[in-house]
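One-letter residues, chain by chain:
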Amino acid sequence: MSLSASIRQGGLALMQRIESLFDAFFGAAANPWRHLGALGFYFLWIALATGIYLFIVLDTGIEEIHTSIEYYTHEQWWLGGIVRSLHRYAADGLVLVMLLHILREFLYGRFYGFRWYSWITGVPTVWLVYASGIGGYWLVWDQLGLFSAVASAEWFDWLPIFSTPATRNFLPGLLTDRFFSLLVFLHIGIPLSLLLALWVHIQRVSQSDVFPARALSIGTLAMLIVLALVKPTVSHGKADLSMASATLHIDWYYLFIHPLMYATSPAGLWAIAGLLTLLLLALPLLPHPKQAPVAVVNPPNCNGCRRCFVDCPYGAVAMLPHPDKPGHELARVIPDLCASCGICAGACPSSTPFRSVESLVTGIDMPQQPIGALREEMERKIAALSGPVKIAVFGCECAAQASRLENADTAVLNLMCTGLLPPSFVEYALRGGADGVLVTGCREGSCAYRFGTQWTEERLAGRREPHLRPTVPSERLRLAWADGHEMSHLKAALDDFRKHLQTLSADEKRPRAYTPRRIAQHG
Amino acid sequence: MVSKSPTNPLVLAGQALFYGLFAVIIGYFSTSPDFTHIEPGRSLIKLSFSTQGEPVGECRERTPEELAKLAPNMRTARICPRERSPIKVNIALNGEPLFEGVAQPSGLSKDGASTIYKRFEVPAGEHLISVKMNDNVRIPDFNHVREEKMTLKPAQILVIDLRKDRGGIFFE
Ligand code: HEM
Ligand code: SF4
Ligand code: SF4
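Small disclaimer: the values here were computed from a predicted structure and weren't measured. (Residues numbered from 1 in each chain as written. Chains lettered and ligands numbered in written order. Predicted model: local features only at pLDDT ≥ 70, side-chain atom pairs only at ≥ 80, totals over all residues. Heavy atoms only, no water.)

Details of the interface of chain B and chain A
Filter applied, for reference: Should any heavy atoms of two residues lie within 4.5 Å, those residues are counted as being in contact. The term buried area denotes the loss of accessible surface (1.4 Å probe radius) that occurs when two parts are joined, taken as the sum for both partners. By definition here, a salt bridge exists when the distance from a side-chain nitrogen of Lys or Arg to a carboxyl oxygen of Asp or Glu is within 4 Å. The term polar contact refers here to a pair of N or O atoms within 3.5 Å; inside protein, the definition further demands a hydrogen-donor-capable atom paired with an acceptor-capable atom, and it admits residues adjacent in sequence only when both atoms are side-chain atoms. Under the scheme used here, helices are H or I runs from DSSP no shorter than 4 residues and strands are E runs no shorter than 2 residues, and both carry numbers assigned from the N terminus. Residues are grouped as follows: Ala, Val, Leu, Ile, Met, Phe, Trp, Tyr, Cys and Pro are nonpolar; Asp, Glu, Lys and Arg are charged; every other residue, Gly included, is polar.
Contacts between the two partners involve 39 residues from chain B, matched on the other side by 47 residues from chain A. Interface area, chain B with chain A, both sides summed: about 3,800 Å², of which 66% is carbon and sulfur. Considering only the side of chain B, the residues that lose the most area to chain A are Tyr19(B), Ile26(B) and Phe35(B), jointly responsible for 19% of the buried surface there. Along the contact surface separating chain B from chain A lie 1 salt bridge. Residues Glu154(A) and Arg119(B) are paired through a salt bridge, measuring 3.4 Å at the closest nitrogen-oxygen approach. Across the chain B-chain A interface, the total number found is 13 residue pairs in polar contact (both at pLDDT 80 or more). Every element with two or more residues in the side of chain B that touches chain A is listed here: helix H1 (9-29), strand E1 (35-36), strand E2 (42-51), strand E7 (114-123) and strand E10 (157-163) of chain B. Top contributing element to the side of chain B that touches chain A by residue count: H1(B), with 13 residues. Residue composition of the side of chain B that touches chain A, by class: 20 nonpolar, 12 polar and 7 charged.

In structure tokens:
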């Protein structure tokens, strides 16, 4: 492993530790680390909503703007002041969660293959976030706004784009109300284009997570309101073109670029910003493992039920009119969008191992782990088990290595993603000789393919199709989610499950045994 | 494993701790640490102009022969060179040189404005500021000169501009 890959692995293990710690307090559904993109959207919505109010009460002349902001900050602190602080802190929160979101996606290695689209379309949003926020500081037109406007103008004047240098707009006597209206216009237009860019960004993930769970959104809003009350946002003194402010209380989330420019040079800052952008854009182009084969539809085994279409995390399944059966539909995989996760195979009703066909072919299958081969592997491994308590484990390649649990009394079937598991396989394993079935995989929210864990949990609990039949006794099924670094947690879960199974007598809560007809017939 | 019930005090405390930390991180870097833009006791001199230099040559009358060669609608009697002079700048502070430079005219045919922007940090206090500029290649010496004793307050910005509509070198 190269140095950078091992740093990334180490970072990922640390990130996953933090995430599982937070799971204990928030639950996966409201764990902020697992929903950084949704939090980003949430902060943006708050900033947009509060921005509308601020725009309405703002007097946008150069002379009036500072006074009108001072008015609602101090006289009307209980409304305008709080709204202003919420606007500011939501904007800061957006930068914070955006940076963490980039870090997290990077650590999880989500920047190449079919994900190039999400990654590349993320990059312009960084520029738009900064352009939105920095422009906001200019509007306040206090000493900080002036400082930022002049520093930004000095930065842009390095590029040969303006015939009259932008810096000249900020010399005494040259600033006009018209120029100021342009700034207001930009501070509305750029955030709206950010929203558009984000809409593009999430196009390739289906059912995208753009709004945090209730608990998380209420908690975050409450946090912002408390912050607004404890530390209300205030302006610096009114902008004075003939005086610089020696000391500024700058917002480092946005304005760090100015100190960075004065510590280097305008050209230096362009080099830093340009190189970082290029680096982000180049990441997907570096050599990466080749993507596994994509899902394949087998038309004779597809009845057009749409389950794969609904469950695919990347919108890679389309339902098209059946060419031969009028009024029916047929699934079709869009290879460019397919993540090769296998979640669709787990969704297909044709994946049931109880079908008596000699070679099981399902409606939508993964060439690298076909359902038919999985049934054979399961039959073979369970038949070979010995010992008082036989357990079949369904694991996931991305999660804690279930294969290390393999033993004389434990059969392990390693899936590409736990989401590939058709629930009927659990029943089949129990009726075919296993005393218990343990299903493991990444924790919810760690799943490389977004929904593998969640869909499996819902299918096995009967809340999602295809569901596990209610006749299957829950005493003999155990779910134990464990990320890559949580092997010991997985081992402990298996031991605990085994002890529990030992307390059940052989026939207690056991589904009727089942010998496949094709096996019975062929001996 | 702790129960995730929202009424479990441990869960509540953990969540409160996280939100508190979140707020502190957002709130702190929103205004801190302070950034010292200009060291105490210093002021700023900005040299900034964007203006055209004088044409590089005299205008002259065309001879009748030259006029005859031109298309009838192009027959203006006076011709002036389009190219502008670069603007030379020389600034001294209390007799010590502070800056010397040339702003070239913009445009492919060098007929556009000459532009410059420089900032200098100087100690606050009284200074003798002398600025000399030349915007005409046909004059060998500096044709715009201004010298003034000025007291700069700490953090004050003095702008040196060249505004020919306001009589040349301009301090503000
Ligand atoms: C304001 C900034 C951003 C916001 C609000 C945002 C939001 C989101 C959201 C809501 C998702 C969908 C998550 C899901 O449903 O599972 C997402 C996915 C993603 N984002 Fe962002 N994003 C932002 C910036 C970026 C940037 C700058 C990058 C990287 C350069 C990036 C990389 C990704 C990637 C790779 C995914 C796909 C994850 C997957 O396939 O599982 N994002 N983002
Ligand atoms: S393999 Fe995954 S991404 Fe591809 S079609 Fe199936 S569910 Fe969708
Ligand atoms: S889940 Fe299977 S049967 Fe249903 S539409 Fe998809 S491929 Fe066809």
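Regarding the coordination of the iron atom of ligand 1
A metal bound by six donors in octahedral fashion has ideal angles of 90 or 180 degrees, whereas one bound by four tetrahedral donors has an ideal angle of 109.5 degrees. All names here are of chain A. Threshold: Metal donors: N, O and S atoms at distances within 2.8 Å, or within 3.2 Å for Na, K and Ca, with water omitted from the atom set so that some sites may seem incomplete. For a four-donor site, all angles between 85 and 135 degrees give tetrahedral; for four or six donors, opposite pairs above 155 degrees with the remaining angles between 65 and 115 give square planar or octahedral; all remaining cases count as irregular.
Protein coordination at the iron atom of ligand 1: the donors are His101 (NE2) and His201 (NE2), at 2.0 Å from the metal. Taken together, the 6 donor atoms coordinating the iron atom of ligand 1 and their angles of 86 to 179° define a geometry best described as octahedral. Of this pair, His101 sits in helix H4 (residues 77-107) while His201 sits in helix H7 (residues 177-201), and the two are 100 residues apart along the sequence.

Overview of the layout of surface pockets
Residues and elements named next belong to chain A. Selection criterion: Using only the protein atoms, space was sampled on a 1 Å grid; points where a 1.4 Å probe fits but cannot get out form cavities, open sets with protein on both sides within 12 Å along at least five of seven lines form pockets, and lining residues are those with an atom within 4 Å of a point. Grid points are joined across faces, edges and corners, and a volume is the space filled by probe spheres set on the points.
Within this model, the largest pocket holds a volume of roughly 1,400 Å³. Contributing to the lining of the largest pocket are 49 residues, with Trp127, Tyr130, Ile134, Trp155 and Ile257 lying nearest its centre. Counting only elements with at least two residues in the lining of the largest pocket, the list comes to H4, helix H5 (116-140), helix H6 (143-157), H7, helix H9 (252-255), helix H10 (257-263) and helix H11 (266-282). Per-element tally for the lining of the largest pocket: the top contributor is H5, with 10 residues.

Here we look at the sheet that holds strand E11 (residues 168-171) of chain B
All names here are of chain B. Inclusion rule: Two strands make a pair as long as DSSP finds a minimum of two bridges between them. Here an angle of 0 to 180 degrees is reported between the N-to-C directions of two axes, which are lines fitted to C-alpha atoms, with helices fitted over the stretch in contact.
If you walk across this open sheet you meet the 4 strands as E7-E2-E10-E11, and the pairing is mixed. Because the sheet does not close on itself, it has two edges, and the strands there are E7 and E11. Direction aside, neighbouring strands of the sheet carry axes that sit 15° apart on average. Relative to E7, E2 runs antiparallel, the two being bridged by 10 bridges. Bridge pairing in E7 places Ser43 opposite Val122.

Observations regarding the site of ligand 1
Residues and elements named next belong to chain A. Keep this limit in mind: Nearness of a residue to a molecule or strand requires only that one of the residue's heavy atoms be within 4 Å of it.
Neighbouring ligand 1 are 25 residues, the closest being His101, Arg115, His201, Asp209 and Arg450. Contributing elements (two or more residues each) for the shell around ligand 1: helix H2 (36-57), H4, H5 and H7. Top element by residues in the shell around ligand 1 is H5. It accounts for 7 residues. Looking at the shell around ligand 1, its residues break down into 12 nonpolar, 8 polar and 5 charged.

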